[in-house]
Amino acid sequence: MEVGNTTRVTVFVLQGLSNNPHIQIVLFVIFLVIYLLTLTGNLLMLLVIRTDSHLHTPMYFFLSQLSFLDAFYSSVIVPKLLKNLLSKWKTISFLECFTQISLVIFSGATEACLLSVMAYDRYQAVCHPLLYVVTMNKKVCAGLAGASWAIGMGTGLLNTILLAQQDFCGPNLIRSFACELPPVLLLACSDPYISIASILTTMVVLGLGSLVLLVGSYTCIILTALGMNSATGWNKIFSTCSSHFLVVTIFYGSGIFRYMTPPSGSALEQVLSLQYSVVTPLLNPLIYSLKNQEVKAALRRMLARKLRLTF
């Protein structure tokens, strides 16, 4: 479509991970397995938390929100990636591309909020145990979860609408396997100042803001643990919080570097994108199930019930 003397891009081409057909087939199998395991792991976490009354607590309520989000986030990225690995023409329409960008930002922002809320929940449980039931009641938990989803949705829409105002007049090759804001922004032929300012503001206010809340919560938790004389209490606190801390480290380590550094289309950027959009949603349920005694006990109870019903 031409606007004046400028041709406006209506379709983008995703560069993908490799042009070698044999490598593409291998990658297709690998990412298909990862995707199926991601869906299975996260949906299993949802099922266990929902069916086991021992896990009907604020901590596991927020964990169920995270599991649902991870399954959703993986479904935004991986199906299109799998399709392109087997396709000769790796195109994506303007509308589909910007929808994917919006959902990626939405998922990342919502996860940042949920991780902060989970850290706050652990802070209340460890530092104010006597008031925990009152402070983290069902209404408060629902409000915090709803606010996380609302902030994520608003952040995704705002940044995508501002990006869509840019002029894209070619080239239309996205140096990535998915539509993400940094590589698409490289293709804008108009001044991208507003979009850059928007995403940087988002990262500072939401990204660093939620990180400060996380660090503050865990600092208080560690100080409380250090003041305990009981080794049992110390071990219980760190067995509960270590899983969450590991998830936070992986999420922020890759996400902040990806969005806070100038895009270049390098192989490192591709690896980081794969980590937080494909690998992290798989790791989260594994980390929480393998490092959490309550979840493992709930899984055993669920399997035992299934066996009794079968035989």
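The rules we used
Residues numbered from 1 in each chain as written. Predicted model: local features only at pLDDT ≥ 70, side-chain atom pairs only at ≥ 80, totals over all residues. Heavy atoms only, no water. Salt bridge = Lys/Arg side-chain N within 4 Å of Asp/Glu carboxyl O. Helix = DSSP H or I, 4+ residues; strand = E, 2+ residues; numbered from the N terminus. UniProt positions renumbered as here; feature names shortened; annotations may be inferred. Phe/Tyr/Trp six-rings, centres within 6.5 Å; stacked < 30°, edge-to-face > 60°. Buried < 20%, exposed > 50% of the residue type's maximum accessible area, 1.4 Å probe, protein only. pLDDT = per-residue confidence, 0-100. Contact = heavy atoms within 4.5 Å. Expected span 1.5 Å × (residues − 1). Bend = angle between axes of the 7 residues up to and from the residue. Pairing = 2+ DSSP bridges.

Engineer: Describe the pattern of salt bridges, naming the residues involved and giving the relevant values.
Structural biologist: If the charged atoms of two oppositely charged side chains come close together, the side chains can form a pair. Taken as a whole and judged by the stated rule, the model has 3 salt bridges. The partner of E96 in a salt bridge is K80, and the shortest N-O contact between them spans 3.7 Å. Of the two residues, E96 sits in helix α3 (residues 94–127) while K80 sits in helix α2 (residues 58–85), which places them 16 residues apart along the sequence.

Engineer: Can you tell me about the UniProt feature "transmembrane region" (unreviewed entry) in the chain, naming the residues and giving the values?
Structural biologist: Under the local residue numbering, the UniProt record ascribes the feature "transmembrane region" (unreviewed entry) to residues 25–48, 60–78, 98–120, 140–164, 193–226, 238–260 and 272–290. Across residues 60–78, helical content stands at 100% and strand content at 0%; the span's end C-alpha atoms are separated by 26 Å.

Engineer: How would you explain the packing of aromatic side chains if you had to name every residue and give the values?
Structural biologist: By the definition in use, this model includes 11 aromatic pairs. Judged by centre distance (6.0 Å) and plane angle (20°), the rings of F12 and F94 are stacked. Residue F12 is found in strand β3 (residues 11–14), and its partner F94 is found in helix α3; the two are separated by 82 residues along the sequence. The buried category is assigned to F12, whose relative accessible area is 0%. For the ring pair F94 and F168, a centre distance of 6.1 Å and an interplane angle of 70° mean the geometry is edge-to-face. Highlighted residues: F94 in helix α3 and F168 in the loop between α5 (138–164) and β5 (173–174), separated in sequence by 74 residues. Look at F94 and you get buried, because its relative accessible area is 18%.

Engineer: Describe the confidence of the model for the chain, and please don't skip the residues or the numbers.
Structural biologist: On average, the chain scores 83 in pLDDT, and the residues at 70 or more come to 87%. The weakest mean pLDDT in the chain belongs to strand β1 (residues 2–3) at 44; the strongest belongs to α5 at 93. Counting contacts from residues 1–5, a segment whose pLDDT is below 50, to residues more than four positions away or on other chains yields 6 contacts.

Engineer: Lay out α2 with the relevant residues and their values.
Structural biologist: Here α2 is 28 residues long and its end C-alpha atoms lie 41 Å apart, about the 40 Å a rise of 1.5 Å per residue gives. At S75, α2 shows its strongest bend, of approximately 30°, with the proline P79 following within four residues. For α2, the buried fraction is high: 22 of the 28 residues fall into the buried class.

Engineer: So what's going on with the environment of I151? Which residues, and what values?
Structural biologist: Looking at the element boundaries, I151 is found in helix α5. Residues I151 and A109, spaced 42 residues apart in sequence, show a C-alpha to C-alpha distance of 7.2 Å. When neighbours within four sequence positions are excluded, I151 is seen to be in contact with C113 and L206.

Engineer: Account for the pairing of β3, with residues named and values stated.
Structural biologist: Because side chains alternate across β3, one face comprises the buried residues F12 and L14, and the other comprises V11 and V13, none of which is buried. Where β3 and strand β4 (residues 91–93) come together, 3 bridges link them in antiparallel fashion. Counted as the bridge partner of V13 is T91 from β4. Alignment of β3 against β5, held across 2 bridges, turns out to be parallel. Bridging from a neighbouring strand, V13 pairs with L173 of β5.

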